[in-house]
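Analysis of the macromolecular model
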Amino acid sequence: MTHAVKSDEMARMSEDMERALAKPVAERSWGMVIDLLKCIGCDACTVSCKSENKTPPGVSYNVVLKKEIGEYPNVRMQNTPRPCMQCANPPCVKACPVDATWKRPDGIVAIDYQKCIGCRYCMVACPYGARYFDFGESYTGETGNPQEYEDLPTYEYMGTPIGQRWPRTKNGSPVGNVRKCHFCVHRLNEGLLPACIGTCVGRARYFGDFNDPESLVSELITRNSSMRIKEDLGTEPSVHYLT
Amino acid sequence: MNSNKTLWPGYWIVLLGLATVGVIYIVRGLVNGMSETALTNTVPWGLNIALYIFFVGLSAGAFLLSTLVYVFRIERYEPAGRLALWIALITLVAGGAAILLDVGHPERAMWRLFINWNFSSPLALVAHVYVLYMLIIVAELWVVMRADITRLADANGGWRARTYRVLGLGTSLPTPRSDRRDARILLVLGAVGVPVAPIVHAGVGSIFAVLKAQPLWFSGLYPVMFLVSALASGGALLTLAYALLGPRDEHYRPLVIDLAKLTGFLLALDLVLYGSEYLVGIYGDIPSHIAVYTVIATGSYWWVFWFVQLLGGGVVPLILIFSNRSGRSVLWLSAASALIVIGILAVRLNIVIPGLTVPQLDNLASAYVEPRMSADYFPNAAEWFSNIGVASLSLIVFSLGYLGLPLVRGRPAQGVV
């Protein structure tokens, strides 16, 4: 059984984004739908996320869980991409002692890189393991041929606060901070879909505004069977999975 | 051991050696950041956090025992009162150092914790009561020692007299009126401390307890278990300290036995609470819970649970404290106390680490394989040595206090106590 989508998803999602961005921020409710029947576990989304956000070693906002179900010859792989759930009731936000992480009006759970003290309480509070500590390591730093891209400022939270950039320094934020998926909010600000959405080989990932009943994501979860991970905990994730 | 002799040179040499090595690693950690540790993104909390809760527990336990003297006026424990307060202060600062060295931005933590308030965060609450609690201990210590410090300033000369005068903040020799006033102030301070100290340590327990993501911790019993473990470990440390350092007068043996028995009861209560927690969890048979208990009881460090925590830190000390022969021997009671302190360190390690080695989602550990994502964690040399540094620096300050401050009857030698 497949989940058929009329017309090209990317075009549809781009139109949904335009409509959403025309609304005031507080009226949007960003979310993701991931079609588990289409995911082939290629990890292209994981790679594109790492490339887009220049995450250092140890940090990968998106990962793909891979589970073998059944026994040969009646066996299949269950692949589950796991970004940050951007919960409506986030345990991480409650836990932070310095108010460094908060839920934006548009649904994204963001981190203030100036406030975070790196205590990692939010990390142990997250039921999805979706938050990562930046240990300040680099991929090419000690190879004798350090690559320039690693030290370039990240696009994340550019201009928050105004004019702020986040170049990679030895101990300056985001080193020593906790980081996580933010639905590529820097791309959303430019009208672009998150990196993982466009890169998905199987067109298994969808993004949009759940406050808009006409959006593709709203349509997908009303017309198909879907679930969310650890729903019984009451975190109200914004990432739905089609099953 | 003659408690009037200065602590022998070997002790200082070893201590200063350890402190030097420790300080080197502490500085390296501050300069190079958290990459010096073996922590990972699956196990982000490790040795330092376990030591923080261990030290704060010792502090809260020792402090609450001091309230038996200064608030509840139980005369039996009076000779150990000041030592209890001094232990409470030193261990509290040690705990604070351990945790400050474990955050990504210690320079921010020191002020942002007190400016950026998130009322829903137990960690924020604990940071605030921690400071209040520290102020209470410092104030109590000063008030309780003040009279003797002024006498010491009077009875000494040179730099010693000057130091004591500074410590005494220039106050004058005690009178019966000032003694009564001091006792009243102590009562008030101690009384404020009676709710504050449990809030500190049950608060620390609630930092863990409120996290629904962690099956091992998410329990209403956790704040209570933390408090009782604190009392047991603080009592054990106080018993050991008094056995080693207390004056060999007519109070000595009865007091050591009293403190040891009190500690024993607290330990027994602690074991009952843990037993309840573990056995109920195991019976429930929920996979995520069982996974953690399996790590604790049968994982790579199974022996820490069975031998250090249960046997060495539980069964053996209880037998030593409550049997007739060993229960009357200061030597055996000291051994029992040392075992309890070590056992509760194992308890703290087994609270923090095992739960985190079980990733939040199935197959999360294999989804992205990189050293800093690993579910395997054992503290590395940098972590051990920087904490040995904190402990030895604390012990140095503790020893200096023992030598110079009127903490136990008969010390320091020159002066009326």
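Described in the following lines is the structure provided in the data block. (Residues numbered from 1 in each chain as written. Chains lettered and ligands numbered in written order. Predicted model: local features only at pLDDT ≥ 70, side-chain atom pairs only at ≥ 80, totals over all residues. Heavy atoms only, no water.)

1. Things to note about the overall build of chain A
- Looking only at helices and strands, chain A has seven helices and ten strands in total.
- For a compact globule of 243 residues, the expected C-alpha radius of gyration is about 18 Å, and chain A comes in at 18 Å, within 12% of that figure.
- Seen through its principal axes, chain A has C-alpha atoms that stretch 50 × 50 × 35 Å.
- The 243 residues of chain A split such that 57% are buried.
- Accessible area for chain A stands at about 10300 Å²; split by element, carbon and sulfur atoms hold 53% of it. (Helix = DSSP H or I, 4+ residues; strand = E, 2+ residues; numbered from the N terminus. Rg over C-alpha atoms; globule rule 2.2 N^0.38 Å. Buried < 20%, exposed > 50% of the residue type's maximum accessible area, 1.4 Å probe, protein only. Areas by Shrake-Rupley, 256 points an atom, 1.4 Å probe, with all protein chains shown as cover.)

2. A look at the sheet that holds strand 1 (residues 30-35) of chain A
Residues and elements named next belong to chain A.
- The sheet built from four strands is open, its strands ordered 8-1-10-9 with mixed pairing. At either margin of the open sheet sits one strand with a lone partner, and together these are strand 8 (205-209) and strand 9 (226-227).
- Inspection of the sheet shows strand 1 paired to strand 10 (residues 239-242) by four bridges, in the parallel sense. Among the inter-strand pairings, isoleucine 34 is bridged to a residue of strand 10, identified as tyrosine 241.
- Across the face of the sheet, helix 7 (residues 216-223) comes into contact with strand 1, strand 8, strand 9 and strand 10 while running at roughly 115° to strand 8. (Pairing = 2+ DSSP bridges. Contact = heavy atoms within 4.5 Å. Axes fitted to C-alpha atoms, helices over the stretch in contact; angles between N-to-C directions.)

3. Notes on empty space enclosed by the protein
- Overall, the coordinates contain seven cavities of 30 Å³ or more when judged by the stated rule.
- Size it by volume and the largest cavity reaches roughly 260 Å³.
- Broken down by secondary-structure element, the contributors of at least two residues to the lining of the largest cavity are helix 4 (121-125) and strand 6 (131-133) of chain A together with helix 12 (330-357) and helix 13 (364-367) of chain B.
- Here the residues of the lining of the largest cavity are counted per class, giving 14 nonpolar, six polar and two charged.
- Counted as a void, the second largest cavity has a volume near 100 Å³.
- Lining the second largest cavity are 15 residues, with Cys39(A), Ile40(A), Cys42(A), Cys45(A) and Cys200(A) sitting closest to its centre. (1 Å grid on protein atoms, 1.4 Å probe; cavity = no way out; pocket = protein on both sides within 12 Å on 5 of 7 lines; lining within 4 Å. Points joined across faces, edges and corners; volume = space filled by probe spheres on them. Nonpolar A, V, L, I, M, F, W, Y, C, P; charged D, E, K, R; others polar.)

4. Observations concerning the environment of Ala197(B)
- One can find Ala197(B) in helix 7 (residues 176-209).
- Not counting chain neighbours up to four residues away, the residues in contact with Ala197(B) comprise Ala60(B), Phe63(B), Leu64(B) and Tyr133(B).

5. Structural notes on the pairing of strand 1 of chain A
All names here are of chain A.
- Here strand 1 lies mainly inside the structure; six of its six residues are buried.
- On strand 1, burial covers both faces: Trp30, Met32 and Ile34 on one face and Gly31, Val33 and Asp35 on the other are all buried.
- One ladder, built from five bridges, connects strand 1 with strand 8; its direction is antiparallel. For isoleucine 34, the partnering residue across the bridge sits in strand 8 and is arginine 205.

6. Re the interface of chain B and chain A
- Taken together, the contact pairs 47 residues of chain B with 53 residues of chain A.
- Between chain B and chain A lies a buried interface of about 3900 Å² when both sides are counted; carbon and sulfur atoms form 57% of it.
- Considering only the surface of chain B that becomes buried against chain A, Asn41(B), Lys212(B) and Leu361(B) emerge as the three largest contributors, covering 16% of it.
- For the pair chain B and chain A, the interface holds three salt bridges.
- Where chain B touches chain A, the interface holds 31 residue pairs in polar contact (both at pLDDT 80 or more). (Buried area = accessible area lost by both parts, 1.4 Å probe. Salt bridge = Lys/Arg side-chain N within 4 Å of Asp/Glu carboxyl O. Polar contact = N/O pair within 3.5 Å; in protein donor to acceptor, adjacent residues only side chain to side chain.)

7. Things to note about the pairing of strand 10 of chain A
Residues and elements named next belong to chain A.
- Going residue by residue along strand 10, you find Val239 and Tyr241 tucked away on one face and His240 and Leu242 tucked away on the opposite face as well.
- As paired elements, strand 9 and strand 10 share two bridges and run antiparallel to each other. Residue pairing for strand 10: methionine 227 is matched across the bridge by tyrosine 241.

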